[in-house]
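A structural walkthrough
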Amino acid sequence: MAVQLPHLPMARIFSFLDGFSLLQASQVNKHWRMVANSDHLWKTLCVRRWHLCKCDCEWLGSQPWKQVFLQMNRRERRMAHARPEDFVCKEVTGNVGILGPIAYLTRNDLTTDRPSRPIVCAVSSFDKLYAWDVQKGDIFWSSPVQDSSITNLVTLPDLCVAVTMDMERTIKVWDCLREDALSEFFMPYDCFSLIAFLSARGPVLMVGDSTGDIYTFKMPSLTEISRTKAFQFSVDILRCSPCGKWVFVCGTQQCSFPKVFLTECLLKPPDSTPLSFSLPFLSCLGASWTPRRENRITLMFRRDSKKMGFMTFDLTTQKTEDKTVIGAQQIANFLLPDHIENPSWMGVNEADMIVFGSGPYLFLFTIGGLLLRQLEDHQTAIRSLWVDPIRVLSTATDGSLHVYVWEEGGRYPYLRSCCHLKHEETEQTLGCYVSNAICDNVSIVRVLSRIRNSSILVMYTLKGN
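It should be emphasised that the depicted structure is a prediction, and the values quoted were computed from it without experimental measurement.

**A short note on the overall build of the chain**
From N to C terminus, the chain includes seven helices and 32 strands. When burial is assessed residue by residue, the chain has 55% of its 465 residues classed as buried. Residue pairs at least 24 apart in sequence account for 46% of intrachain contacts in the chain once pairs closer than 6 positions are excluded. Summed over all atoms, the accessible surface of the chain reaches about 21,200 Å², with 50% contributed by carbon and sulfur.

**Brief notes about the pairing of strand S7 (residues 161-166)**
Among the six residues that make up S7, six are buried, leaving the element largely enclosed by the rest of the structure. Burial along S7 is two-sided: the face carrying Val 161, Val 163 and Met 165 and the face carrying Ala 162, Thr 164 and Asp 166 are both buried. Summarising the sheet, strand S6 (residues 150-156) and S7 pair through six bridges and their orientation is antiparallel. The residue of S7 that forms the bridge with Leu 156 is Val 161. In textbook terms, the turn of a hairpin is the stretch between consecutive antiparallel strands, and for S6 and S7 this stretch comprises four residues, one of which, Cys 160, has a positive phi near 60°.

**A few points about the sheet that holds strand S23 (residues 353-358)**
Sheet architecture is open: four strands sit in the order S22-S23-S24-S25, paired in antiparallel fashion. Each edge of the open sheet is held by one strand with a lone partner, namely strand S22 (344-348) and strand S25 (371-375). With direction set aside, neighbouring strand axes in the sheet form an average angle of 15°. In terms of strand pairing, S22 meets S23 through three bridges, oriented antiparallel. Each bridged residue has a counterpart across the sheet, and for Ser 344 the counterpart in S23 is Gly 357.

**With respect to the packing of aromatic side chains**
Within the structure shown, the criterion is met by 14 aromatic pairs. Centroid distance Phe 14 to Trp 32: 5.5 Å. Interplanar angle 70°. Geometry classified as edge-to-face. Taken as a pair, Phe 14 in helix H1 (residues 7-14) and Trp 32 in helix H3 (residues 30-36) lie far apart in primary sequence, 18 residues in all. Given the relative accessible area of 19%, Trp 32 is considered buried. Here Phe 356 and Phe 365 contribute two aromatic rings whose centre-to-centre distance is 5.8 Å and whose plane-to-plane angle is 15°, an arrangement assigned as stacked. In this pair, the class of Phe 356 matches that of Phe 365, namely buried.

**Overview of the pairing of strand S32 (residues 454-462)**
Buried residues dominate S32, accounting for nine of its nine residues. The side-chain alternation of S32 yields two buried faces, one formed by Ser 454, Ile 456, Val 458, Tyr 460 and Leu 462 and the other by Ser 455, Leu 457, Met 459 and Thr 461. Two elements, strand S1 (residues 87-92) and S32, share six bridges in a ladder whose sense is antiparallel. From the neighbouring strand, Val 92 faces S32, where its bridge partner is Leu 457.

**Concerning the sheet that holds strand S17 (residues 276-278)**
Read across the sheet, four strands follow the order S14-S15-S16-S17 without closing on themselves; strand pairing throughout is antiparallel. The outermost strands of the open sheet, each flanked by one partner alone, are strand S14 (237-240) and S17. Recorded for the sheet is a direction-independent mean angle of 20° between the axes of neighbouring strands. In this sheet, strand S16 (residues 259-262) lies alongside strand S15 (residues 246-250) in antiparallel orientation, the contact comprising four bridges. Of the residues in S16, the one forming a bridge with Trp 246 is Leu 262.

**Quick look at the packing of helix H4 (residues 39-50) against helix H6 (residues 65-80)**
Packing of H4 against H6 leaves a shortest axis separation of 7 Å and a crossing angle of 35°. In the packing of H4 onto H6, the handedness of the crossing is left-handed. Two secondary-structure elements touch here, H4 through Asp 39, Trp 42, Lys 43, Leu 45, Cys 46, Arg 49 and Trp 50 and H6 through Trp 65, Lys 66, Val 68, Phe 69, Met 72, Asn 73 and Glu 76. Partitioned by chemical class, the residues of the contact of H4 with H6 number eight nonpolar, one polar and five charged.

**What about H4?**
Helix length check: H4 (twelve residues) gives 16 Å between terminal C-alpha atoms against 16 Å at 1.5 Å per residue, within 8%. Looking at H4, one finds that the buried residues are Leu 41, Trp 42, Leu 45, Cys 46, Arg 49 and Trp 50. What you see down the axis of H4 is that its buried residues fit within an arc of 135°, all on one side. Tucked inside the fold, the buried residues of H4 contact H1, helix H2 (19-25), H3 and H6.

**Notes on the pattern of salt bridges**
For the structure shown, the criterion picks out ten salt bridges. For Lys 229, the salt bridge is made with Asp 213, and the minimal N-O distance between the two is 3.2 Å. Pair noted here: Lys 229 is in strand S13 (residues 223-229) and Asp 213 is in strand S12 (residues 213-218), with a separation of 16 residues, a long-range link. Where Asp 338 meets Lys 307, a salt bridge forms, and the shortest distance between an N and an O atom there is 2.6 Å. Here Asp 338 is found in the loop between strand S21 (324-335) and S22, whereas its partner Lys 307 is found in strand S20 (residues 307-319), with 31 residues between them in sequence. Look at Asp 338 and you get exposed, because its relative accessible area is 62%. Assessed through its relative accessible area of 31%, Lys 307 is described here as partly exposed.

Reading guide: rules and limits
- Residues numbered from 1 in each chain as written.
- Predicted model: local features only at pLDDT ≥ 70, side-chain atom pairs only at ≥ 80, totals over all residues.
- Heavy atoms only, no water.
- Helix = DSSP H or I, 4+ residues; strand = E, 2+ residues; numbered from the N terminus.
- Buried < 20%, exposed > 50% of the residue type's maximum accessible area, 1.4 Å probe, protein only.
- Contact = heavy atoms within 4.5 Å.
- Areas by Shrake-Rupley, 256 points an atom, 1.4 Å probe, with all protein chains shown as cover.
- Pairing = 2+ DSSP bridges.
- Axes fitted to C-alpha atoms, helices over the stretch in contact; angles between N-to-C directions.
- Phe/Tyr/Trp six-rings, centres within 6.5 Å; stacked < 30°, edge-to-face > 60°.
- Left-handed = near helix turned anticlockwise from the far one by under 90°.
- Nonpolar A, V, L, I, M, F, W, Y, C, P; charged D, E, K, R; others polar.
- Expected span 1.5 Å × (residues − 1).
- Arc of directions from axis to C-beta.
- Salt bridge = Lys/Arg side-chain N within 4 Å of Asp/Glu carboxyl O.

Next comes the structure, spelled out in structure tokens:
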């Protein structure tokens, strides 16, 4: 400790520390504190832990990165150790019809300079789009009644906008602050998949249609950037990788191989064939990018009409003098045992663990096929999963919701049970099923749909937020 290394070697050594160790190092002496408080070190920790993209980093540029790290870590820990009594629960039982999938319009994930109150959107069977303030429990905004039923919904919380597609193939962008849509675009063919994300060139929307084309639009104006032929059949699944480097494209038709595209090739008018790679197997049923890794994807597939399995690839790019070549290396592949039937709602964490539901059980496998755990916290069949880098939400047909937290570093028990949120069944909610559930660092939102042609929106917010 008596030897005082120059700033640059010390910063290099400290770059290998985690947040807790960096805080400890800052208490040794003035020189260590100056190095340990470097904004670059804390920014690196934030990007590494939460895989913030370039756009997020630019947005947070005015904030001290140490403050960002501590605030985000504090919110994660509060949610990870929350008990049912730590939540304020509010229900929306008004006449809003049957609600479809829900999505956050704004999140409470980063700093307090972002909108401090989470707002969620949902499509209603009344042909309207609704937005709710999660903390207050009231309707924040609703769109006019649409001429056609809304079939798809995605949001881009970074812009506070929602995108809808209706049965007449009209795409609309909403900012949920004004009555009319910001922009519209009529698609020539039916569409089944939408994704919206922040790319290196700004916010974009991608749409897959029934003829196998991928449309790329600039957001929120819906200015068409490109149109790319992916298959001769429908594009049913679109998945964007962390930070938007790759786009996975899949059709459920068994005669087409799934593909991955370099996103940058879809973000400019095509003067040549966009760079893509076909993954060599059929019958893909789902896909999940590994969080905090840009190039790893795990696919769920069916073999011989009965056997289900998972296959994991690492994608590569190799540049030569005049072109870039995409490759994919298969790093793991396994089939499920016969006693595990019809897995659904898969997700993957950064420690290469696959989680999925089958009946009332939640299974945890390594990508190589080793069964790590079988969780039995539900009494009835699991209806949906929400999987993110921090936590897993599982919902079941009896109205129950269970919250799990991933253990850091892939330590046993790998997925730790946090709390069980059981909805009190009433005469109005008899026969209900959970359509889906979502969460951020301060709230959990889910939909209970019941047989009497209406839904209940249940919102949990951590006390003190």
